[in-house]
Amino acid sequence: MMKPYLIAAFSLAASHAWAQAPAAGNADAQMIRQGEYLSRAADCVACHTAPGGKPYAGGLPFETPIGTVYSSNITPDKDTGIGGYSYEDFDRALRHGVGKGTGNLYPAMPYPSYARIQPDDVKALYAYFMHGVAPVSQRNKDTDIPWPLSMRWPLGIWRGLFAPDVASGPVPGAGQQAATAGDAEVLRGRYLVEGLGHCSACHTPRGFALQEKASTDADGPAFLSGAVVDGWLAKDLRGDVNSGLGGWSKEDIVAFLKSGRNAHSAAFGGMAQVVQDSTQYMSDTDLNAIAAYLKTLKPAGKEGTPKLAYNEATGQALRTGGDKSDGAITFLNNCAACHRSSGKGYAETFPQLAQSSTVLSKDPASLIHLVLKGAQMPGTRSAPTAYAMPGFDYRLTDGEVAAVVTFVRNSWGNQAPAVSADQVAKVRKEVGAEPAPVR
């Protein structure tokens, strides 16, 4: 579940400390606390905090196809932030995509998802940002989008075509009649995933106008079926047993969102930041609701793919020297110490490669990115050790990376398309990895 650049933003946020808030004044303290919780669920701080900057003061750049957009200051500073916003001003920006004094907002602000936030939650968020966040005097940065692309009136057309109607009424699953407790839990999970969590901003592929191809499950199976953001694959969250969450239990999903790791995988790239700043702070009740809802999503394909069975032949060949292919040798020299010749890794420490949804995804972007630049798990309250994988961009050529990635994608029972040196070279350039070594 991740935030977009242009329309997919949250994966670049920096780690930060939460600011000391001013006194609440006449605002209801309980509502402020609720607003703080909701801001965590929405991961507002990720996009509105620049590296090394103060929380919510803005200035984080988002590279878009037409230029750079910078996040805005949403602290209650009256001169440079939103201290002069009325509740109606706040609501228009958050859910309608129209800023006070700026007009139509770029959809780097995921207001198409936030349109689903219910009014009571908007009021709590407003109370928090007005009375629970420290004001910071920091001017907003102008975009560097050239004229005439910088004109904002076309954004109103985009909003009319692709943004949903703004929600009204009670929060789904909260005090609402449902057939069973399980139904209420799924309703709550859907509200969190589709609205506050804005998971589709990263996990749903984009159309010709960079709109999400589906904003809810009712819109079609493209919803949460996976997409590439900033060189990382935001994985398929639907029910495919190999590339999606079909092989994960509800408990596996909760563990991943709470700690950044489980028996199947570990959070990396943008998702590591989501866990770090957002989901680890959510209640067990809400995490279980999210998991319950995600488990209702059927595979993007009509039937999904057949479950792949583990095959120990690869491990035996590696241990006995029976496989002398370039991919096998590269794996033994660089990967086996952590991921083991069995491909099973070490539970919640070094992720398994056998039957891994990251390994088996049709798009190998994340796997190539991981090999080239490495990654680090988030350190969370429930799992404070932030294990890391080093990058091998300086050490392996494009051909060697292609060979080892292809090997991993077709070993221990894995079955996925081969990767070429040209694909590796493309990712190497896109993610700013070191030039390939010369042999």
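Source: prediction; values computed, not measured.

Caption draft 1: Here's a closer look at a nonpolar patch on the surface. On the surface, W147, M151, W153, I157 and L161 cluster together into a nonpolar patch covering about 630 Å² of accessible area. Here M151 shows up in the loop between α5 (119–131) and α6 (153–162).

Caption draft 2: Representation of the UniProt feature "binding site: heme c 1" (unreviewed entry) in the protein chain. Mapped onto this numbering, the UniProt entry annotates "binding site: heme c 1" (unreviewed entry) at C44, C47 and H48. On the accessibility criterion, C44 (12% relative accessible area) is buried. Dropping the residues within four chain positions of it, C44 is found in contact with S39, Y56 and F129. Turning to its location among the elements, H48 is positioned in the loop between α2 (44–47) and β1 (61–64). Apart from residues lying up to four places away in sequence, H48 is in contact with K54, P55, Y56, A57, G58, S71, S72 and I74.

Caption draft 3: Looking closely at the state of the cysteines. Applying the stated criterion across every chain yields a total of zero disulfides. With no disulfide of its own, C44 has C47 as its nearest cysteine by sulfur position, at a separation of 8.7 Å. Among the cysteines around C199, which has no disulfide bond, C202 carries the closest sulfur, lying 9.1 Å off. With relative accessibility at 1%, the residue C199 sits in the buried group.

Caption draft 4: Highlighting the packing of aromatic side chains. With the rule as written, the count across this model stands at 15 aromatic pairs. When the ring of F90 is compared with that of F129, the centres are 6.1 Å apart and the planes differ by 40°; the resulting orientation is tilted. One end of the pair, F90, is in helix α3 (residues 87–96); the other, F129, is in helix α5, with 39 residues separating them in the sequence. Accessibility assignment for this pair places F90 and F129 in one class, buried. Members of the aromatic cluster, each reached through a chain of ring pairs, are Y56, Y87, F90, Y126, Y128 and F129. Over the face of the ring belonging to Y281 we find R40, whose NZ or CZ atom lies 3.7 Å from the ring centre. Note that K344 overlies the ring of Y310, its terminal NZ or CZ placed 4.4 Å from the centroid.

Rules and cut-offs
All residue numbers refer to positions counted from 1 along the written sequence of the respective chain. Two thresholds apply to this predicted model, a pLDDT of at least 70 for residue-level local features and 80 or more for giving and counting side-chain atom pairs, whereas whole-chain, interface and lining totals are computed over all residues. Excluded from the side-chain calculation are hydrogens and water; included are all heavy atoms of the structure. Two joining distances apply to patches: 9 Å for like charges and 5 Å for nonpolar side chains (Val, Leu, Ile, Met, Phe, Trp, Tyr), and every residue must have over 30% relative accessible area and no salt bridge. Here the open area of atoms and residues is found with the Shrake-Rupley method and a 1.4 Å probe, where only the protein chains shown may cover a residue. Note on definitions: salt bridges are taken to be side-chain nitrogens of Lys or Arg within 4 Å of carboxyl oxygens of Asp or Glu. Secondary structure elements are defined from DSSP: runs of H or I of at least 4 residues count as helices, runs of E of at least 2 residues count as strands, and each element is numbered from the N terminus. UniProt positions are given in the numbering used here, feature names are shortened, and annotations may be inferred rather than shown by experiment. Throughout, exposure labels follow a simple rule: accessible area from a 1.4 Å probe, protein chains only, divided by the maximum for the residue type, with under 20% read as buried, over 50% as exposed, and the rest as partly exposed. Throughout, a contact is declared for two residues whenever any of their heavy atoms are within 4.5 Å. Criterion for a disulfide: a pair of cysteine sulfur atoms at a distance within 2.5 Å. Here a Phe, Tyr or Trp ring, Trp counted by its six-membered ring, pairs with any other such ring whose centre lies within 6.5 Å, and the pair is stacked when the planes are under 30 degrees apart, edge-to-face when over 60, and tilted otherwise. By definition, being over a ring means that NZ of Lys or CZ of Arg is both within 6 Å of the ring centre and within 35 degrees of the ring normal.

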